[in-house]
Every structure is written in C-alpha cells, then in structure tokens.
Amino acid sequence: MIDLEGLVRGDAKAFERIYGRYRDRVYGFAYRMLNSQPLAEEVTHEAFLVLIEHPQRYDAERGSVLTFLCAIARNQMMHHFRHSGHEAEGLVDGGDIDLVVGENALEGDPLTNLLDDELASEINRVVDNLPVLLREAIVLREYHGLSYEEIANVAGVSVNTIKVRLHRARRALARALAPYMNIRNGGCCHELC
C-alpha cells in the first residue's frame, strides 16, 4: 500500500518507498520517449517533485500512483517536444503485430540468436521512429504493461483514442518489420498473411 498520507506529512521514508517503487518505470517511460538519459532523468525528477510538492493532486479514483507520475512525466515530455519542434500529433497507418521477440528461439542456436538480436534491435529502432503519440501508446502498453484505461489517464484521452493509436502503431510496426517476420517464419508471417 502506498503511504500518501505519510508523504503529505513530509515523511521522508514514505517518499523513499514511493520513489523506490516507481522511479525505474517512470524513468523507463521517459527514456523510451526521449532517447536521452539527461532529459529522462530531468522528467523523472520533475514528476516526483510534483508529487512531493502537491500530493493532494493525486486522486486514487482516477488511477494508480504510477499512472499519476506517468501523466506528469508525459506533460513534461510534450512540453519538450513542442519546444524542440517535434510534431506530437503525427500519426502513421499500418497492420497488427505483437512485440514479442524470441519466444520460440532455440537456445544455443547461434543463427537464431543472431536473428533475434537483429529483430530486437530493429523493433527498438522502429519504435523510436514512431510519431510521439503512437510511440507513447506502444511504450506504455508493451514495455510497461499499463492497461488501456491507465494509458488513457496518462495521455488525457479516451480509451478508444488509445486503442486507435495502438492499432496504428502496431500496423506501422508490422509494415516495417514484415521482412524480418517473413524470414523468421519461413517466408510468411501469420499476422501479416
């Protein structure tokens, strides 16, 4: 159980527990979105600073503490994107794909391991190049395991909007990764055929 009452009272131990529990996940989200360690650290710091200075802003009925922290981090990132000239509303169309790599890889098979490593690297490259809003949805869903509702709370949009963004992101990933999937599946990827 998260001790927000302790945080409100200024209990340093309560903050340490909250920070220890959520810091890596907030940082991971920020890093995947920004591709910059210093910026990700700054965004993570800012999210926790808001929680310390304004713990009353957290509303358990709207989502988890992680959702609240990710929403603060998102606001900081969108501010960064706007001021650095990125177009946050750009969207890409494409087909569905799951971001699971190497589930069926044969252990010890050097060629399979090499192909898995290459596919993982290509997935990361493609995710990094998705438009900001699509990347945000994929990162929160596939890398951080947030529910559609939690992602919608973080992004401040409806669940249907998140579903559309995830669909478009997966289609873009499927198109970009189709050559890799065809090779791995003997010429035909079941999700794409």
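Worth saying up front: this structure is predicted, and the values here are computed from it rather than measured.

Some thoughts on the packing of aromatic side chains
Across all of its chains, the model carries five aromatic pairs by this definition. A centroid spacing of 5.7 Å and a plane angle of 75° characterise the contact between tyrosine 58 and phenylalanine 68, whose relative ring orientation is edge-to-face. Within this pair, whereas tyrosine 58 is found in the loop between helix H3 (37–53) and helix H4 (65–83), its partner phenylalanine 68 is found in helix H4, the two being separated by 10 residues in sequence. Through pairs of rings, three or more aromatic residues link up here, namely Phe15, Tyr19 and Phe48. Note that arginine 23 overlies the ring of tyrosine 27, its terminal NZ or CZ placed 4.7 Å from the centroid. The side chain of arginine 32 reaches across the aromatic face of tyrosine 143, ending 4.3 Å from its centre.

So, unusual backbone geometry
Not every positive phi belongs to a glycine, and asparagine 35 is a case in point at roughly 55°. Residue class for asparagine 35 comes out partly exposed when judged on its relative accessible area of 40%.

Thoughts on helix H2 (residues 12–34)
Along H2, the sharpest change in direction is near 45° and occurs at tyrosine 22. Residues of H2 that are buried: Ala14, Ile18, Tyr22, Val26, Tyr27, Gly28, Phe29, Ala30, Arg32, Met33 and Leu34. Two residues or fewer past H2, asparagine 35 is found with a positive phi of approximately 55°.

Considerations on the confidence of the model for the chain
Of all residues in the chain, 73% have pLDDT values of 70 or greater, and the mean over the chain is 78. Across residues 88–107 the pLDDT falls below 50, and counting only partners more than four positions away or on other chains, this stretch makes 51 contacts in the model. Taken together, the stretch residues 187–193 has pLDDT below 50 and engages in nine contacts with residues farther than four places along the chain or on a different chain.

Digging into the pattern of salt bridges
Inspection of the entire model under this criterion finds five salt bridges. Residue aspartate 24 pairs with arginine 23 through a salt bridge whose shortest N-O separation is 3.5 Å. Taking relative accessible area as the criterion, arginine 23 reaches 23% and is therefore assigned partly exposed. In this structure, aspartate 128 engages arginine 32 in a salt bridge whose closest nitrogen and oxygen atoms are separated by 3.6 Å. Here aspartate 128, found in helix H5 (residues 110–129), pairs with arginine 32, found in helix H2; they are 96 residues apart in sequence, far enough to count as distant. Linked by salt bridges that have partners in common, Arg74, Glu136 and Arg165 make up one network.

What counts, and at which threshold
Residues numbered from 1 in each chain as written. Predicted model: local features only at pLDDT ≥ 70, side-chain atom pairs only at ≥ 80, totals over all residues. Heavy atoms only, no water. Phe/Tyr/Trp six-rings, centres within 6.5 Å; stacked < 30°, edge-to-face > 60°. Helix = DSSP H or I, 4+ residues; strand = E, 2+ residues; numbered from the N terminus. Lys NZ or Arg CZ within 6 Å of the ring centre and 35° of its normal. Buried < 20%, exposed > 50% of the residue type's maximum accessible area, 1.4 Å probe, protein only. Bend = angle between axes of the 7 residues up to and from the residue. pLDDT = per-residue confidence, 0-100. Contact = heavy atoms within 4.5 Å. Salt bridge = Lys/Arg side-chain N within 4 Å of Asp/Glu carboxyl O.

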